[in-house]
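An overview of the molecular structure
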Amino acid sequence: MSDSKSQTRCRVCESTSLFTYLDLGSTPLANSYLKKEELSSPEFREELAIQVCTRCGLSQLTKVVHPDLMFKNYLYVSSTTETFRNHCAEMAATLSKRAECKSGDVVLDIASNDGCLLSKFKEVGMRVVGVDPAVNLAREANANGIKTLNTYWSSTVAAEIKATIGKPKVITATNVFAHVDDVHEFIKAVDLCMEEMGIFVIEFPYVLDFIEKNEFDTAYHEHLSYFGITPIAHLMNMHNLQVFDIEYFKDLHGGTTRIYVSRNNDFPVNSSVKKYLDREAQFHITKQDPYRAFAERVMRNKERLLILLDAERQKGKIIWAYGASAKGNTLINFFSILSDQIPVVIDDNPKKWHYYTPGSRMRITGIEELATVHVDTLLLLAWNFQEEIIGRCKAVGYKGSYILPCPEPKIVT
Ligand SMILES: [Zn+2]
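Quantities reported herein were computed from a predicted structural model and do not represent experimental measurements.

Looking only at helices and strands, the protein chain features 12 helices and 19 strands. For the protein chain, whose C-alpha radius of gyration is 21 Å, the value lies close to the compact-globule estimate of 22 Å for 413 residues. When the backbone C-alpha atoms are referred to their principal axes, the protein chain occupies close to 65 × 50 × 40 Å. Per-residue burial over the protein chain gives 46% buried out of 413 residues. Within the protein chain, contacts between residues at least 6 apart in sequence are counted, and of these 71% link residues at least 24 apart.

Spelled out as structure tokens, the structure:
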């Protein structure tokens, strides 16, 4: 297998009118945590840069890394945050109602992770099935009674589910669609197995947030596409499907968009769809200018943060970081911060402890260690959870300051 390939056409409309606007350099995979014995070996690296299609407005990476390098052994576990667990419960209740599900109807979750969302659908009486390529997560979900097929989503899997379990009335894909290279095959497979009057619901980070809120740290190799409604509605139309409603959750993963998709004319189209399309037209989603301005802001942000960190280190301050997430890894690698500047990063997921971050090679530990050593400043890589994190640090007796890297670098005491 080849490790990666260049993306020379738009994944949605196949146009070659692509404008590269953000180059974050050659970085390791943001979720490839290292064991201690791996620290002496070189890491896989690939260009991390984003281009926009000036025909349909899709933003996508310039390089596609082979999925097996990224998803076979995934440390991220969705149910670790309470916010996400609550969101799953809300989603199960809302979607069952909107699709008018009866007890025993089938719900399919694509990239079902540890089965968190499906467990909520099961609680409200649905039959559930998940599909996930990560061996460890599929095993965990099955052990917890959530039937999970350990593979990638495809037409073959769709046909198998249709034949052995039944046609799903609800199909969900949360935070996976942006990771998909062949989006047309993905949608075809959904259409192949979905029940009559079924609904397909996708959740993804919104490209206008990415640009307007300076969320460049949500760029990583797994995140192949940065969707607005304009390109996604175009994609659905190509498959005789329609986006019929849109909701937005501002507190989930720094802003999450949920779209409702059905076969054409199955459901009335809510005014929210036009509202989004109008907003994106006003933003100039297919023009180069808004993206060029964004890239300039990101570069300024980098300069300012490095000056700020340097000043702290000149004063002899001991700096640790908080949040060994993919976004944290993008940020530290793009800013070229290494373990001699920040040796340790705290993370709440015990599965990551004793690993090292890709590229920067910071040791990952739990918050308990913060109580036992002297640290002056914490760089909050998970800056979207700042209030929650500051609360937790205070609770273990941490008295130092915090550096917020985005959307504008600043020190909080
Ligand atoms: Zn396009």
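You can read the domains of the protein chain as domain 1 (78-287) and domain 2 (306-412). Each of domain 1 and domain 2 has a C-alpha centre, and these two points are 32 Å apart. Contact with domain 1, which involves eight residues of that partner, is made by nine residues of domain 2.

Let's shift gears to the packing of helix H2 (residues 82-98) against helix H3 (residues 116-123). Where H2 meets H3, the closest approach of the two axes is 8 Å, and the angle between their N-to-C directions is 45°. As far as their axial angle goes, H3 and H2 are oblique. Note that H2 runs across H3; the crossing there is right-handed. Across the interface between the two elements, Phe-84, Arg-85, Cys-88, Ala-89, Met-91 and Ala-92 of H2 pack against Cys-116, Leu-117, Lys-120 and Phe-121 of H3. Class assignment for the residues of the contact of H2 with H3 results in eight nonpolar, no polar and two charged.

Bringing the sheet that holds strand S10 (residues 199-205) into the picture now. In spatial order, the strands read S8-S7-S6-S9-S10-S13-S12; together these seven strands make up an open sheet with mixed pairing. Of all strands in the sheet, those bounded by a partner on one side alone are strand S8 (148-149) and strand S12 (241-249). Alignment of S12 against strand S13 (residues 256-263), held across eight bridges, turns out to be antiparallel. Of the residues in S13, the one forming a bridge with Val-243 is Val-261.

As a further point, take the nonpolar core. Formed by 122 residues in total, the largest nonpolar core has its most connected members in Val-243, Val-261, Ala-321, Tyr-322, Val-345, Leu-380 and Leu-381. Looking at which element gives the most residues to this core, the answer is helix H6 (residues 183-193), with six residues. Mapped onto the domain boundaries, this core takes at least three residues apiece from domain 1 (78-287) and domain 2 (306-412). Apart from the residues within four sequence positions on either side, Ala-321 is in contact with Gly-328, Ile-342, Val-345, Met-362, Leu-378, Leu-379 and Leu-381.

Moving on to the pairing of strand S7 (residues 127-131). Among the five residues that make up S7, four are buried, leaving the element largely enclosed by the rest of the structure. As judged from the five bridges shared by strand S6 (residues 106-110) and S7, these two strands associate in the parallel manner. Paired with Ile-110 across the two strands is Val-131, which belongs to S7. A crossover links S6 with its parallel partner S7, the connecting element being H3, and its sense is right-handed. For S7 and S8, the ladder comprises two bridges, and the chain directions are parallel.

On to the packing of helix H5 (residues 155-164) against H6, then. At a minimum axis distance of 8 Å, the contact between H5 and H6 shows a crossing angle of 15°. Taken together, the axes of H5 and H6 are roughly parallel relative to one another. In this structure, H5 crosses over H6, and the sense of that crossing is right-handed. From H5, Ser-155, Val-157, Ala-158, Ala-159, Ile-161 and Lys-162 reach across to H6, where they touch Glu-185, Lys-188, Ala-189, Leu-192 and Cys-193. Tallied by class, the residues present in the contact of H5 with H6 amount to seven nonpolar, one polar and three charged.

Parameters and conventions
Residues numbered from 1 in each chain as written. Predicted model: local features only at pLDDT ≥ 70, side-chain atom pairs only at ≥ 80, totals over all residues. Helix = DSSP H or I, 4+ residues; strand = E, 2+ residues; numbered from the N terminus. Rg over C-alpha atoms; globule rule 2.2 N^0.38 Å. Buried ≥ 20, exposed ≤ 12 C-beta atoms within 10 Å, placed from the backbone. Contact = placed C-beta atoms within 7 Å. Domains from an automatic or database assignment. Axes fitted to C-alpha atoms, helices over the stretch in contact; angles between N-to-C directions. Parallel < 35°, antiparallel > 145°, perpendicular 65-115°, else oblique. Left-handed = near helix turned anticlockwise from the far one by under 90°. Nonpolar A, V, L, I, M, F, W, Y, C, P; charged D, E, K, R; others polar. Pairing = 2+ DSSP bridges. Core = buried A, V, L, I, M, F, W, Y, C linked by C-beta atoms within 7 Å. Right-handed = clockwise from strand over helix to strand, strands pointing away.

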